[in-house]
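The chain contents come next:
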Amino acid sequence: MADHQEASVTLPSDPASVRTARRYVAEVLGGWGLDDGAESADSIRLIVSELATNAVQHTFGQSPTFTVDLRLEREERLHIGVTDSHPRWPRRLPAAVQQDNGRGMVIIRVLAAEAGGRLSVTPTAEGGKTVWITLPWTASLAASV
């Protein structure tokens, strides 16, 4: 495998694109050696679903598309980024028990932390942002993830 691999897809900011993003990530990571049936593959799919959903729902129609970027560095670190053109950065919302939303970033942070990863947000040159999840990627992780 190369020292650095990248893949990306840009999709319309439409709820149907969340499933497309999740499927795309699963296919790319499968090609990079991630077992689709592994527990970490499920976690990664959930992370992508939550990030893509946020890019669709919380940009208030101001981001016509979102982009999913995948980067695998030296089979050590996996970076998953979701970029949209809305300037507001994600923030923690109070998640009441009866509330239907507001838990996405909490779920993402917990899944990343459980896997030994982290979340970060970076601005784009166009005024939007990319929400990044960085996860460790080792031979044992790829085989058992």
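Above this text is the structure in question.
Residues numbered from 1 in each chain as written. Predicted model: local features only at pLDDT ≥ 70, side-chain atom pairs only at ≥ 80, totals over all residues. Heavy atoms only, no water.

Thoughts on the side chain of Asn54
Okay, so step 1: Considering the arrangement of structural elements, one finds Asn54 in helix H2 (residues 39-57).
Okay, so step 2: Setting aside residues no more than four positions away along its own chain, Asn54 makes contact with Thr59, Met105 and Ile108. (Helix = DSSP H or I, 4+ residues; strand = E, 2+ residues; numbered from the N terminus. Contact = heavy atoms within 4.5 Å.)

Considerations on the sheet that holds strand S1 (residues 4-12)
Okay, so step 1: If you walk across this open sheet you meet the five strands as S1-S2-S3-S5-S4, and the pairing is antiparallel. The two strands at the open ends of the sheet, each matched to only one other strand, are S1 and strand S4 (118-123). Mean inter-strand twist for the sheet, computed between neighbouring axes without regard to direction, equals 15°.
Okay, so step 2: Across eight bridges, the pairing between strand S2 (residues 65-73) and strand S3 (residues 77-84) is antiparallel. (Pairing = 2+ DSSP bridges. Axes fitted to C-alpha atoms, helices over the stretch in contact; angles between N-to-C directions.)

Some remarks on unusual backbone geometry
Glycine aside, negative phi is the norm for most residues, and most peptide bonds take the trans geometry.
Okay, so step 1: Positive phi values are uncommon outside glycine, yet Arg74 reaches one of about 45°.
Okay, so step 2: By secondary structure assignment, the location of Arg74 is in the loop between S2 and S3.
Okay, so step 3: Despite not being glycine, Glu75 has its phi angle at roughly 50°, a positive value.

Observations regarding the pairing of strand S5 (residues 129-136)
Okay, so step 1: Counting buried residues in S5 gives seven out of eight residues, a clear majority hidden from the surface.
Okay, so step 2: In this sheet, S5 lies alongside S3 in antiparallel orientation, the contact comprising eight bridges. Of the residues in S5, the one forming a bridge with Thr83 is Thr130.
Okay, so step 3: Bridge analysis of S4 against S5 gives six bridges, and the strand direction is antiparallel. Across the sheet, Ser120 pairs through a bridge with Trp132, a residue of S5. (Buried < 20%, exposed > 50% of the residue type's maximum accessible area, 1.4 Å probe, protein only.)

Things to note about the nonpolar core
Okay, so step 1: Counting residues in each nonpolar core, the largest one holds 36 residues, and the members touching the most others are Val25, Leu29, Trp32, Ile44, Phe66, Leu78 and Ile133.
Okay, so step 2: The biggest single contributor to this core is H2, with eight residues.
Okay, so step 3: Those residues within four positions of Leu29 in sequence are excluded, and the remaining contacts are Leu34, Ile44, Leu78 and Trp137. (Core = buried A, V, L, I, M, F, W, Y, C linked by side-chain atoms within 4.5 Å.)

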